[in-house]
Amino acid sequence: MRRIFVAGNWKMNKTVEESVALAKELKAALGHNPPCDVAVAPTYVAIYPVAQALEGSPVIVAAQNTFWKESGAYTSQVSPQLLKAAGASWVIVGHSETRGRFGVEEKVENEDALKVFGDNDASVNAKAKFAIAAGMGVIVACGELLSERQAGTTDAVVSAQIEGALKGIPASDVKDLVIAYEPVWAIGTGEVCAADEADRVCGVIRDTVKKLYDDATGESVRIQYGGSVKADNAKELLGKPNIDGALVGGASLKVADFMGIINNA
Ligand code: PGA
């Protein structure tokens, strides 16, 4: 049985003060026996105070990104070791926004500048590998652009991202991984992927893991769906056989909305 895992990605939306207030409110609302695993990913600068505020709570603190070196002259980067010391135990790698793959790129003012985020399959792989070695839980995100979906390449794009991300990671580590399937066109747009289609692509991801490893590893990997998950669509999504949780952006910024999703787990 795979335990449902609902993670809130706060992205760049909350100050330190606001993050701590949100964490405290969530801690109180969730209590000690949540119906599923629950994580929040504050911005780097808020990880430490949020982790302090969540002490004694089952809420997991995650980071939104990391780097593949422990320490040294890597200006602006944050290693898994630094994240752990600040109180994070999980990390998201390969989010489409850190890959510079934006679904609403036509609305972005400085499109070229945004490409400097620039994660690719190799960097996502290096980050995942290094974070696992450091003892962190890892959520690997993948997902196709609208243009790739329209071209009929969704399954190939997502499978290639997963194959690239997992390169060299042994089955014994992959079985504990979480993969987030996040169609880029559904992120922050209010346009959720139909539950059957989300489930189908999550099944493609599971089959990819089975092919790369074995059936048992594929069956134990948890696969989240992400992209405009809300309380009112969570029940149907989380009820699907290949969807084991949700990676939630916008609806994780208000406790009532986030709890609405968790309570559907
Ligand atoms: P959204 O974001 O829920 O606001 O669509 C999801 C994500 O990017 O993880």
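Please read these numbers as outputs of a predicted model, since none were measured by experiment.

Caption draft 1: Structural context of helix α5 (residues 121-133). For α5, spanning 13 residues, the distance from its first C-alpha to its last is 18 Å, which sits close to the expected 18 Å at 1.5 Å a residue. Along α5, the positions that sit buried rather than exposed are Ser123, Val124, Asn125, Lys127, Ala128, Ala131 and Ile132. At its buried positions, α5 is contacted by α3 (80-86), β4 (90-93), β5 (137-142), α7 (154-166) and α8 (171-174). N-cap assignment for α5: the residue whose side-chain oxygen lies 3.0 Å from the backbone N of Ala122 is Asn120.

Caption draft 2: Molecular detail of the site of the ligand. Neighbouring residues of the ligand: 13 residues in total, closest Lys11, His95, Glu182, Gly188 and Ser228. Take Ser228: an N or O atom from its main chain is 2.7 Å from an oxygen atom of the ligand. Computed on the free molecule, the ligand has an accessible area of 280 Å², of which 96% lies beneath the protein chains in the complex. Residue composition of the shell around the ligand, grouped by class: four nonpolar, seven polar and two charged.

Caption draft 3: Seen up close, the nonpolar core. Of all hydrophobic cores here, the largest spans 69 residues; its most connected members are Val50, Val138 and Tyr225. The biggest single contributor to this core is helix α9 (residues 195-212), with six residues. Those residues in contact with Tyr225 that lie beyond four places of it in its chain are Tyr181, Pro183, Ala186, Val192, Cys193, Ala198, Leu237, Ile243, Gly245, Ala246 and Leu247. Ala41, Ile92, Ile139 and Ala141 belong to the second largest nonpolar core, which has 13 residues in total.

Caption draft 4: Summary view of the packing of helix α11 (residues 231-238) against helix α12 (residues 255-262). Across the interface, α11 lies against α12 with an axial gap of 8 Å and an inter-helix angle of 20 degrees. In terms of orientation, α11 lies roughly parallel with respect to α12. Crossing geometry of α11 relative to α12 is assigned as right-handed. Contacts between α11 and α12 involve Ala231, Ala234 and Leu238 on the former and, on the latter, Asp257, Gly260 and Ile261.

Caption draft 5: The arrangement of the pattern of salt bridges in detail. In the structure shown here, the tally under the stated rule is 16 salt bridges. One salt bridge connects Asp244 with Arg2, and the closest N-O pair in it is separated by 2.9 Å. One end of the pair, Asp244, is in the loop between α11 and β8 (245-248); the other, Arg2, is in the segment before β1 (5-9), and 242 residues separate them in sequence. Residue classification places Asp244 among the buried residues on the basis of a relative accessible area of 4%. With relative accessibility at 21%, the residue Arg2 sits in the partly exposed group. Connected through shared salt-bridge partners, Arg2, Arg206, Lys210, Glu219 and Asp244 make up one network.

Caption draft 6: Molecular detail of a nonpolar patch on the surface. Together, Val16, Tyr44 and Val45 make up a nonpolar patch on the protein surface, roughly 260 Å² of accessible area in all. By the secondary structure assignment, Val45 is in the loop between β2 (37-41) and α2 (47-53). For Val45, a relative accessible area of 62% gives the class exposed.

Caption draft 7: Broad picture of the environment of Tyr44. For Tyr44, the location among the structural elements is in the loop between β2 and α2. Under the relative-accessibility criterion, Tyr44 is labelled partly exposed at 34%. Sequence separation between Tyr44 and Asn65 is 21 residues, and the spatial gap between their C-alpha atoms is 8.6 Å. If we skip the residues at most four places from it in the chain, Tyr44 touches Ala63, Asn65, Thr66, Val78 and Leu83. Looking at Tyr44, its side chain comes within polar contact range of the main-chain oxygen of Asn65, at 2.9 Å.

Conventions and cut-offs
Residues numbered from 1 in each chain as written. Predicted model: local features only at pLDDT ≥ 70, side-chain atom pairs only at ≥ 80, totals over all residues. Heavy atoms only, no water. Helix = DSSP H or I, 4+ residues; strand = E, 2+ residues; numbered from the N terminus. Expected span 1.5 Å × (residues − 1). Buried < 20%, exposed > 50% of the residue type's maximum accessible area, 1.4 Å probe, protein only. Contact = heavy atoms within 4.5 Å. Polar contact = N/O pair within 3.5 Å; in protein donor to acceptor, adjacent residues only side chain to side chain. Near = heavy atom within 4 Å. Areas by Shrake-Rupley, 256 points an atom, 1.4 Å probe, with all protein chains shown as cover. Nonpolar A, V, L, I, M, F, W, Y, C, P; charged D, E, K, R; others polar. Core = buried A, V, L, I, M, F, W, Y, C linked by side-chain atoms within 4.5 Å. Axes fitted to C-alpha atoms, helices over the stretch in contact; angles between N-to-C directions. Parallel < 35°, antiparallel > 145°, perpendicular 65-115°, else oblique. Left-handed = near helix turned anticlockwise from the far one by under 90°. Salt bridge = Lys/Arg side-chain N within 4 Å of Asp/Glu carboxyl O. Patch = residues over 30% accessible without salt bridge, like charges linked within 9 Å, V, L, I, M, F, W, Y side chains within 5 Å.

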